[in-house]
Amino acid sequence: MLALFKSKPLLEQAEQQWLIDTFIWAVEHFDAAFFTKHTQIILPTVAHFPDSVSSIEEMATKVFVRVRDYAGMSAWPIQLVAPHQLQPQVFPHFEFAEHLRGEQSQLIVPPSHTINISFNPNQINQPQDLVASFAGTLATVLIHHVGVLPPGGKDYLPQAADALACFLGFGVMMSNTVYQFKGGCGSCYNPYANREAKLSETHTVFMHALISYFKNDRDSKKHLKPHLRSQFKKAQKEIKALVDNSANPLLLAYAPT
């Protein structure tokens, strides 16, 4: 009888486990020290994005610089170019001395050319999509450089990039931009401005809740879309119970005290 009142888990066990395994993969390969000491939960607020702009190009540049720096990738050979300047390119080889991200990251083998990335001009009026798109692109660059496949192998690279963007601290914007409601005014909805999400809302919210748990975050829930907050709260409870009952030393090491 009690089973009738038992709440259904937010995700299937295999889906939940993939996200946890992907978190472990991220910690192991994408600078755990930076994650522990410096990663913030980035919010769609003036505090995190205080710049004033006067053009599309200036907005794209300033948002990109903020996202790049919050991700700890200011030393990376990445250049933002206008959409019409983006051409097919070969990913260059380069190496860091020790630290992959942050102020201590230092190139010891410079690349033959920069990694050019661009932006979607349609997203200028949807800044959370712009931030999330940049975060996903930087996550993809990280994965290409490190060269270690995520759990599940190469078929899961797009989903892993979304999950890694949450690991970089951008889970709020990643969650808020999985799906854009059309609303009541058709002229206000621009489908070309939406980012192309590879994880569902629920998967993204769970990953954000997982990162928030390990960063001891208490503020990000109120910045999620209203319909996502209950999912986030449920994910938090499930994650705490999971970690409390886990024998995985890495999960226990990163759990807040």
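An account of the accompanying structure is given in this report. The structure presented is a predicted model; accordingly, all values stated were derived computationally and were not measured. All residue numbers here refer to positions counted from 1 along the written sequence of the relevant chain. Predicted model: local features are reported for residues with pLDDT of at least 70 only, side-chain atom pairs are reported and counted for 80 or more only, and whole-chain, interface and lining totals are derived from all residues. Side-chain calculation: all heavy atoms of the structure are included, whereas hydrogens and water are not.

A closer look at the overall build of the protein chain
Phase 1: Here a strand is any run of E in DSSP of at least two residues, a helix any run of H or I of at least four, and the numbering for each starts at the N terminus. Helix and strand content of the protein chain: eight helices and four strands.
Phase 2: Counting helices and strands in the order they occur from the N terminus, the protein chain gives α-α-α-β-β-β-β-α-α-α-α-α.
Phase 3: Over its C-alpha atoms the protein chain spans a radius of gyration of 19 Å, differing by no more than 12% from the 18 Å that the globule rule assigns to 257 residues.
Phase 4: Relative accessibility thresholds used throughout: buried, under 20% of the residue-type maximum; exposed, over 50%; partly exposed, between the two (1.4 Å probe, protein chains only). Counting over 257 residues, the protein chain shows a buried share of 47%.
Phase 5: By definition in these notes, contact holds between two residues if any of their heavy atoms fall within 4.5 Å. Here the analysis covers contacts within the protein chain between residues at least 6 apart in sequence; of these, 73% occur between residues at least 24 apart.
Phase 6: By element, 54% of the accessible surface of the protein chain is carried by carbon and sulfur atoms, the whole surface being about 13400 Å². Based on C-alpha atoms, the radius of gyration is set beside the globule rule, defined as 2.2 Å times the residue count to the power 0.38. In this description, accessible areas are obtained by the Shrake-Rupley approach with a 1.4 Å probe, and a residue is regarded as covered only by the protein chains that are shown.

With respect to the environment of glycine 152
Phase 1: Locating glycine 152 in the fold gives a position in the loop between α4 (127-146) and α5 (157-176).
Phase 2: We classify glycine 152 as exposed; its relative accessible area is 57%.
Phase 3: Considered as a pair, glycine 152 and arginine 101 are 51 residues apart in the sequence and their alpha carbons are 25 Å apart.

Comments concerning helix α6 (residues 201-214)
Phase 1: Expected helix span is computed as 1.5 Å times (number of residues minus one). For α6, built from 14 residues, the straight-helix expectation of 20 Å at 1.5 Å per residue is met to within 8% by its first-to-last C-alpha distance of 20 Å.
Phase 2: Among the 14 residues that make up α6, 13 are buried, leaving the element largely enclosed by the rest of the structure.
Phase 3: Note on α6: the residue one or two positions beyond its end, asparagine 216, has a positive phi of about 55 degrees.

Quick notes on the environment of phenylalanine 232
Phase 1: Along the chain, phenylalanine 232 falls in helix α7 (residues 226-244).
Phase 2: Residues phenylalanine 232 and proline 249 lie 17 residues apart in sequence; the distance between their C-alpha atoms is 25 Å.
Phase 3: Sequence-distant contacts of phenylalanine 232, defined by excluding residues within four places in its chain, comprise Val205, His208, Ala209, Ser212, Asp217, Ser220, Lys221 and Leu224.

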